[in-house]
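Spelled out from the first residue to the last, the chains are:
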Amino acid sequence: MSIGEIVAAISTGALFLGTFIEVSKIKINPWSSLFGWIGNKMMAGVKEEMKEIRKEQEELAKKQEELAIQRAIDAADNIKAEIFNFYNECQRGQRHSEAEFIYIIQQNKKYEELLKVTNDPNGVYEAEYEYILQIFHKCQEEKDFYVGGEPGEAKQGRAQGA
């Protein structure tokens with residue numbers, strides 16, 4: 001065996017071992033680079049789909065938030081209409097039970113909570129609600145709530161709204 005053959009054998013052995021053993025001092029491994037490149041090429045479509053899915057999820061979350069705010073606005077509008085109706089009934093002298101007054105007070109609390117969600121200012125019916133509370137307190141003091149008979153029927157000589 002000549003020196004050239006020995007050098008060729010050692011070089012071939014080193015090349016063969018170098019392909020399977022990663023040397024820690026040299027941070028280059030052809031197999032790691034090759035497999036990383038192949039993996040990136042294979043997963044490029046999946047990565048793009050993941051980006052699209054994330055974008056769609058963000059859009060859906062935004063739409064859900066908008067719908068939740070709209071539901072809160074609708075609920076607040078319904079409560080406001082109910083309180084206006086109750087106010088108008090009180091103005092016309094229609095009598096109400098204590099339970100009806102308590103229900104309206106609870107509805108007002110819900111309304112105020114909904115305003116926190118919608119970030120809308122209150123100020124549309126504050127005077128009307130205060131009037132309802134005045135009638136409620138007057139009825140409490142006089143123990144004069146509607147207790148029976150025809151709905152809206154006033155006691156003789158007395159009306160809640162008066």
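Keep in mind the model is a prediction, meaning the values are calculated, not measured. (Residues numbered from 1 in each chain as written. Predicted model: local features only at pLDDT ≥ 70, side-chain atom pairs only at ≥ 80, totals over all residues. Heavy atoms only, no water.)

All chains considered together, the criterion is met by five aromatic pairs. Both rings, one in F101 and one in F145, keep their centres 5.8 Å apart while their planes meet at 65°; by these two values the pair is edge-to-face. Pair noted here: F101 is in helix α3 (residues 98–118) and F145 is in the segment after α4 (126–142), with a separation of 44 residues, a long-range link. For the pair formed by F101 and F145, the shared burial category is buried. In this structure an aromatic cluster arises from ring pairing among F86, F101, F136 and F145. (Phe/Tyr/Trp six-rings, centres within 6.5 Å; stacked < 30°, edge-to-face > 60°. Helix = DSSP H or I, 4+ residues; strand = E, 2+ residues; numbered from the N terminus. Buried < 20%, exposed > 50% of the residue type's maximum accessible area, 1.4 Å probe, protein only.)

This part covers the confidence of the model for the protein chain. A low pLDDT means the predicted coordinates there should not be read in detail. Looking at the protein chain, pLDDT values average 83 and 85% of them are 70 or higher. Across residues 152–159, where pLDDT falls below 50, the model places 13 contacts with residues more than four positions away in sequence or in other chains. (pLDDT = per-residue confidence, 0-100. Contact = heavy atoms within 4.5 Å.)

A word on the pattern of salt bridges. This structure, assessed with the given rule, holds three salt bridges. For the salt bridge of E113 with K116, the shortest nitrogen-to-oxygen distance reads 3.2 Å. Of this pair, E113 and K116 both sit in helix α3, separated by three residues, roughly a single helical turn. Looking at E113, the relative accessible area reads 45%, which means it is partly exposed. Residue K116 is classed as exposed on the basis of its relative accessible area, which comes to 57%. (Salt bridge = Lys/Arg side-chain N within 4 Å of Asp/Glu carboxyl O.)

Note on placement: I69 falls in helix α2 (residues 30–91). Setting aside anything within four residues of it in sequence, one finds I69 in contact with V117 and T118.

Before going further, it helps to spend a moment on α4. Taking 1.5 Å of rise per residue, the 17 residues of α4 would be expected to cover 24 Å, and the 24 Å separating its terminal C-alpha atoms lies within 8% of that figure. Taken residue by residue, α4 has E128, Y129, Y131, I132, L133, I135, F136 and C139 as its buried positions. Trailing α4 by a residue or two, K143 shows a phi angle of about 50°, which is positive. (Expected span 1.5 Å × (residues − 1).)

For the rest of this paragraph, the subject is a negative patch on the surface. Together, E48, E49, E52, E56, E58 and E59 give the surface a local cluster of negative charge. On the secondary structure map, E52 appears in helix α2. Residue classification places E52 among the partly exposed residues on the basis of a relative accessible area of 44%. (Patch = residues over 30% accessible without salt bridge, like charges linked within 9 Å, V, L, I, M, F, W, Y side chains within 5 Å. Areas by Shrake-Rupley, 256 points an atom, 1.4 Å probe, with all protein chains shown as cover. Lys, Arg positive; Asp, Glu negative; His and termini not counted. Charge placed at Lys NZ, Arg CZ, Asp CG, Glu CD.)

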